[in-house]
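Secondary and tertiary structure notes
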Amino acid sequence: MSPRRDPIERAAERGRDLYEVATWDQRSEFDGIAVAVYEGLRPAARWVVIGIATTITLALFAFGGLATVSNPIVGTFVLLSLVPALLLAGYVYRSDVTTREPLPMLAGTFLLAVVFSTFASIVNTFTSAVFASVNLPTQGFFGGVLFFLFIVGPGEEFVKWLAVRIYAFRRAEFDAVIDGAVYGAVAGLGFATIENAFYITRFVEATGTTVSIVEAGSNIAALRALAGPGHVIYSGIAGFYLGLAKFNRENYGPIVVKGLLLAALFHATYNITVGYVPGIIAVVSPLDGFAASIVYIVAYDTLIGLFLYRKLRNYKRAYRDTGVLEHRNRPNDPELTEFDGPPRP
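Reading guide: rules and limits
Sequence order sets the numbering: in each chain, residues are counted from 1 along the sequence as written. A pLDDT threshold of at least 70 governs which residues receive local features in this predicted model, and a stricter bar of 80 or more applies before side-chain atom pairs are shown or counted, although totals over entire chains, interfaces and linings include all residues. Think of the side-chain values as coming from all heavy atoms in the structure, minus any hydrogens and water. Salt-bridge detection follows one rule: a side-chain nitrogen of Lys or Arg within 4 Å of a carboxyl oxygen of Asp or Glu. Each helix is a run of DSSP H or I of at least 4 residues and each strand a run of E of at least 2, with the numbering of both proceeding from the N terminus. Classification of residues uses two cut-offs on accessible area relative to the type maximum, computed with a 1.4 Å probe and protein chains only: under 20% is buried, over 50% is exposed, and between them is partly exposed. Any two residues having at least one pair of non-hydrogen atoms within 4.5 Å are treated as being in contact. Residues belong to one nonpolar core when they are buried, are Ala, Val, Leu, Ile, Met, Phe, Trp, Tyr or Cys, and are joined through side-chain atoms within 4.5 Å. Ring geometry is summarised as follows: Phe, Tyr and Trp rings, the Trp one being its six-membered ring, pair when their centres sit within 6.5 Å, and such pairs are stacked at plane angles under 30 degrees, edge-to-face over 60 and tilted between the two. We call a charge positioned over a ring when the NZ of a Lys or the CZ of an Arg lies within 6 Å of the ring centre and within 35 degrees of the ring normal. UniProt positions are given in the numbering used here, feature names are shortened, and annotations may be inferred rather than shown by experiment. Every residue is assigned a pLDDT by the predictor, reflecting its confidence on a scale from 0 to 100. Angles shown run from 0 to 180 degrees and are taken between the N-to-C directions of axes, each axis being a line fitted to C-alpha atoms and, for helices, limited to the stretch in contact. Geometric relationships in this document are graded by angle, where less than 35 degrees denotes roughly parallel, more than 145 denotes roughly antiparallel, 65 to 115 denotes roughly perpendicular, and other angles denote oblique. Handedness of a helix crossing follows the sense of rotation of the near helix relative to the far helix, less than a right angle counterclockwise being left-handed and clockwise being right-handed. Each residue is assigned to one of three groups, with Ala, Val, Leu, Ile, Met, Phe, Trp, Tyr, Cys and Pro labelled nonpolar, Asp, Glu, Lys and Arg labelled charged, and all others, Gly among them, labelled polar.

If you look the protein up in an unreviewed UniProt entry, it shows as PrsW family intramembrane metalloprotease from Haloarchaeobius litoreus.

1. As for the pattern of salt bridges
For the structure on display, the rule yields five salt bridges. Between Glu-157 and Lys-160 there is a salt bridge, with the nearest N and O atoms lying 2.8 Å from each other. Residue Glu-157 and its partner Lys-160 are both found in helix α6 (residues 141-165); the two are separated by three residues, about one turn of the helix. For the pair Glu-157 and Lys-160, a shared accessibility class is recorded, and that class is buried. Residue Arg-224 is joined to Glu-195 by a salt bridge in which the shortest nitrogen-to-oxygen separation is 2.5 Å. Here the residue Arg-224 occupies a position in helix α8 (residues 210-246), and Glu-195 occupies one in helix α7 (residues 177-204), the gap between them amounting to 29 residues. Classification of Glu-195 as buried rests on a relative accessible area of 14%. A single salt-bridge network, built from bridges that share partners, covers Asp-17, Asp-25 and Arg-27.

2. What to know about the environment of Ile-50
When you line up the elements, Ile-50 lands in helix α2 (residues 29-63). Given a relative accessible area of 17%, Ile-50 falls into the buried group. For the pair formed by Ile-50 and Val-115, sequence separation is 65 residues and the distance between their alpha carbons is 7.6 Å. In this structure Ile-50 touches Leu-112, Phe-116 and Ile-166, once residues within four positions along its chain are discounted.

3. A closer look at the nonpolar core
Counting 62 residues, the largest nonpolar core has Phe-116, Tyr-234, Ile-237 and Phe-266 as the members making the most contacts within it. Contributing elements (two or more residues each) for this core: α2, α4 (83-94), α5 (103-132), α6, α7, α8, α9 (252-273) and α11 (289-321). At eleven residues, the largest contribution of residues to this core is made by α8. Not counting residues up to four positions away in its chain, the partners in contact with Tyr-234 are Glu-157, Lys-160, Ala-263, Phe-266, His-267, Tyr-270, Tyr-300, Asp-301 and Ile-304.

4. Let's talk about the packing of aromatic side chains
Both the distance between ring centres and the angle between the ring planes are used here to describe each pair of aromatic rings. In this structure the tally under the stated criterion is twelve aromatic pairs. Between the aromatic rings of Phe-158 and Trp-161, the centroid separation amounts to 5.6 Å while the plane-to-plane angle is 25°, which identifies the pairing as stacked. Highlighted residues: Phe-158 and Trp-161, both in helix α6, separated by three residues, approximately one helical turn. Judged by relative accessible area, Phe-158 falls into the partly exposed class, the value being 39%. Aromatic side chains Phe-266 and Phe-307 sit 5.6 Å apart centroid to centroid with 65° between the ring planes, which places their arrangement in the edge-to-face category. Of this pair, Phe-266 sits in helix α9 while Phe-307 sits in helix α11, and the two are 41 residues apart along the sequence. Exposure class is identical for Phe-266 and Phe-307. Each is buried. Members of the aromatic cluster, each reached through a chain of ring pairs, are Phe-169, Phe-174, Tyr-183 and Tyr-252. Geometry around Phe-169 places Lys-246 over its ring, the cationic atom sitting 5.3 Å from the centre.

5. Quick notes on the UniProt feature "transmembrane region" (unreviewed entry) in the protein
On the UniProt side, "transmembrane region" (unreviewed entry) is annotated at positions that read residues 47-67, 73-93, 105-134, 140-159, 180-201, 221-244, 256-284 and 290-309 here. Helix makes up 95% of residues 73-93 and strand makes up 0%, while its end C-alpha atoms are separated by 30 Å. Helix and strand shares over residues 256-284 are 90% and 0% respectively, and the end C-alpha atoms of the span are 41 Å apart.

6. Considerations on the side chain of Thr-57
Here Thr-57 shows up in helix α2. By relative accessible area, which is 5% here, Thr-57 ends up buried. Excluding its chain neighbours within four sequence positions, the residues that come into contact with Thr-57 are Val-114, Val-115 and Thr-118.

7. Details of the confidence of the model for the protein
Within the protein, residue pLDDT values average 85, and 83% of them lie at 70 or more. Within the protein, no element has a lower average pLDDT than helix α3 (residues 72-81), which sits at 81, and none a higher one than α9, at 97. When the criterion is pLDDT under 50, residues 327-331 qualifies, and its contacts beyond four places in sequence or with other chains add up to seven contacts.

8. What about the packing of helix α10 (residues 277-284) against α11?
At a minimum axis separation of 8 Å, α10 and α11 run at an interaxial angle of 120°. What the angle tells us is that α10 and α11 run oblique. Crossing hand, α10 versus α11: right-handed. Counting all contacts with α10, which are made through Val-277, Pro-278, Ile-281 and Ala-282, the residues of α11 involved are Gly-289, Ala-292, Ser-293 and Tyr-296. Classifying every residue of the contact of α10 with α11 by side-chain character gives six nonpolar, two polar and no charged.

Right, here's the structure in full:
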């Protein structure tokens, strides 16, 4: 696809110099300074975002109650609550039929998701009261729906997507569409880690004895263990579309938006329904409220998980059917070098 051109450039005779009339290229020393400043600001901007997120995360650990996670009992419950999400992320990782992703890049994505989660937490906290005031005849239900659809779902999926986009996506090792699902799943695991730690520590921090901590921690850990896999699934879907966008640069924007919209919609639908559907199940079945919640969450995660599973399955089938050889390191391949966005018009 040829880039867009100014009318003068299109009409001018071939070879006519239109520098700073309708075209531009680096010529003067000042041009060189502008290029150097731009190239320097791009990575600097990423590090500023990472630095702010890290500072907020450390502040939450120091002053926001997350320090309670250092209690061995509480820390154990946090780790146990992550087992289902970890197993699911491991499955996505094993589904990559191309090269295995480097551990440092997986770890970096995980940590970025942890620190970027604070952005979503701040937005959720400051906007929840606004949406809670939207009562109407539904006594808050409509406000909750809007909150989950336009704040929680999009916000949390965006920060997990950003954890992939800002680092792993730009590396040459991200050399296949399915890699996006792998890094997306890892970002979901990182987000679930900090979210579970927050909920569990906040729930047990008021307890005064070891017995009460164990009782409270076991209850909330069981509930959070059910919520974690959803984060992995939703961001795995958004990540898959991010991988698809990397190798279809002419449609980069729409592909990315589609992935984020799907992830946000699945996420918001879960948040909206999980507070009501288990109660309905408990009324029409012999299950109590807790058992009904388990049944519904497992059923919902399975349904949405099948969407991601089909994406992974179709990719693996096509990979094998087309006879693709195992990827080798190709550092000089222009298609696998660092990528920082779609082609500019």
